[in-house]
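Here's the letter readout for the chains.
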Amino acid sequence: EGLVGIYMRAKDYGKANAAIERQLKERNDPKLRGYLMQNYYNMGNTAAVMNIVRGEEKAGRTPSEDMYGMVANLQNKAGDKAGYVATLEKLARHYPNANTWTDLLNRVQRKSGFSQRLAVDVYRLKLAKGLMKKPSEYMEMAQLVLQEKSPAEAQRVVTAGYKAGALGVGAEAPRHQRLKDLTDKEAAAFVGNAERLEASIRKENDMASLFRLGYGLVQSGKTEQGLKLMNEAIKSGQLAERQEEAELRLGQAYAFAGNQKQALATWRGVNGKDGTADLARYFSMSK
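Here's a quick rundown of the structure. Residue numbers here run from 1 along each chain, matching the order of that chain's written sequence. Under the rules for a predicted model, residues below a pLDDT of 70 receive no local features and side-chain atom pairs below 80 are neither given nor counted, while totals for whole chains, interfaces and linings still include all residues. Side-chain descriptors were evaluated using all non-hydrogen atoms of the structure, hydrogens and water having been removed beforehand.

1. Considerations on the overall build of the chain
Piece 1. Of regular secondary structure, the chain possesses 16 helices and zero strands.
Piece 2. Here the C-alpha coordinates of the chain stretch approximately 80 × 45 × 30 Å along the principal axes.
Piece 3. Buried positions account for 45% of the 287 residues belonging to the chain.
Piece 4. Contacts: residue pairs with any heavy atoms within 4.5 Å of one another. Within the chain, residue pairs in contact and separated by at least 24 positions form 51% of the contacts whose partners lie at least 6 positions apart.
Piece 5. Per element, the accessible surface of the chain, about 15100 Å² overall, is 49% carbon and sulfur.
Piece 6. Charge separation in the chain, taken as the distance between the mean sites of 45 positive and 33 negative side-chain charges, equals 3 Å. Numbering of helices and strands runs from the N terminus; a helix is a DSSP stretch of H or I covering at least four residues, while a strand is a stretch of E covering at least two. Residue exposure (1.4 Å probe, protein chains only): buried if accessible area is under 20% of the type maximum, exposed if over 50%, otherwise partly exposed. Working definition of accessibility: Shrake-Rupley area with a 1.4 Å probe, residue cover restricted to the visible protein chains. Neither His nor the chain ends is counted toward charge; the positive residues are Lys and Arg and the negative residues Asp and Glu. Every charge is mapped to an atom, namely NZ of Lys, CZ of Arg, CG of Asp or CD of Glu.

2. Remarks on unusual backbone geometry
Piece 1. Positive phi is not limited to glycine here, since Asn205 has a value of about 55°.
Piece 2. Tracing the backbone shows Asn205 in the loop between helix 11 (173-204) and helix 12 (207-219).
Piece 3. In this structure, Ala240 takes a positive phi of about 40° despite not being glycine.
Piece 4. If you trace the backbone, Ala240 turns up in the loop between helix 13 (223-235) and helix 14 (243-256).

3. Things to note about the pattern of salt bridges
Piece 1. Salt bridge, as applied in this entry: a Lys or Arg side-chain nitrogen positioned within 4 Å of an Asp or Glu carboxyl oxygen. Counted by the stated rule, this structure contains 18 salt bridges.
Piece 2. The closest approach of N and O atoms between Asp121 and Arg249, which form a salt bridge, is 2.7 Å. Note that Asp121 is positioned in helix 8 (residues 119-128) and Arg249 in helix 14, a separation of 128 residues in sequence.
Piece 3. By relative accessible area, Arg249 is classed as buried at 4%.
Piece 4. Three or more residues are tied together by salt bridges with common partners; here these are Arg117, Asp121, Arg124, Glu148, Glu153, Glu245 and Arg249.

4. What to know about helix 14
Residues spaced three or four apart along an α-helix point in a common direction, a consequence of the helix completing one turn every 3.6 residues.
Piece 1. Expected span of a helix: the number of residues minus one, times 1.5 Å. With 14 residues, helix 14 should reach 20 Å at 1.5 Å per residue; the first-to-last C-alpha distance of 20 Å fits that figure.
Piece 2. When you tally the buried positions in helix 14, you get ten out of 14 residues, the bulk of the element.
Piece 3. Within helix 14, the full set of buried residues consists of Glu245, Ala246, Leu248, Arg249, Leu250, Gly251, Gln252, Ala253, Tyr254 and Ala255.
Piece 4. On its buried face, helix 14 sits against helix 8, helix 12, helix 13, helix 15 (260-268) and helix 16 (276-285).
Piece 5. Where helix 14 terminates, the next one or two residues include Gly258, which has phi positive at roughly 90°.

5. Digging into the packing of helix 8 against helix 14
Piece 1. The angle between two axes is taken between their N-to-C directions and runs from 0 to 180 degrees, where each axis is a line fitted to C-alpha atoms and a helix contributes only its stretch in contact. Where helix 8 meets helix 14, the closest approach of the two axes is 11 Å, and the angle between their N-to-C directions is 30°. What the angle tells us is that helix 8 and helix 14 run roughly parallel. Remark: the crossing between helix 8 and helix 14 carries left-handed chirality. Of the residues in helix 14, those in contact with Val120, Asp121 and Arg124 of helix 8 are Leu248, Arg249 and Gln252. When an angle is under 35 degrees it counts as roughly parallel; over 145 it counts as roughly antiparallel; between 65 and 115 it counts as roughly perpendicular; any other value is oblique. Handedness of each helix crossing follows the sense of rotation of the near helix against the far helix: counterclockwise by less than a right angle gives left-handed, clockwise gives right-handed.

Taken by themselves, the reported measurements are silent on function.
Pasting the structure below:
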């Protein structure tokens, strides 16, 4: 590697790479492959860097975090948004950290056509990934979840906020307490009222409400009953343009119920262009 080192120190990357390529033909050395990629990166040669990464993947090896990082940096500099996000997803899958996940979730929300109805699902991923920091995030998520008729889940969000030290402190503490009291009250009453609520929903033939009731029941621990209602609502065909959104949440319900296999199978079938397919993929990566 003496000659390689001399060329690299002189920043004569062309000669360094030619020397590395010759040596790689004689022996498969990961260190040399790393040098080769670093040189191409320094030259700004995105295509060559990508070829090395693809070669690693085709050989059944997971490229290093540094390799994916180099690719992501080059793609970002070149303005290749789709390529950058695809590499971020690989980083999130193999080398997850808070910065990568935050970047991914921020980008999915900024994508053209993203449905604001999915804001609650983004929060669910943030909570699962430990990305929630601000009191306002816990407050907004709990309120969104209550609107989705899932009070037991809202109660857990508020509890997590208190445990993290984000809620129950400062000038807004009384407001936090009011939300806590509300979620506690709604969660306590939910299962007892479910039968009456289901009868009313069936009378109206409102499958969207039946679906939400099912999700709420799953989150309240009545998993079998809840999943049955959710599947019935989806199969009715009445959810129409919200079908992909429903499948995304059905996957979440299966995951909460401990059926990871069914959750993954459900998420694989989500193909919506409104952010549902992206989020389904991210939920799959979290399992």
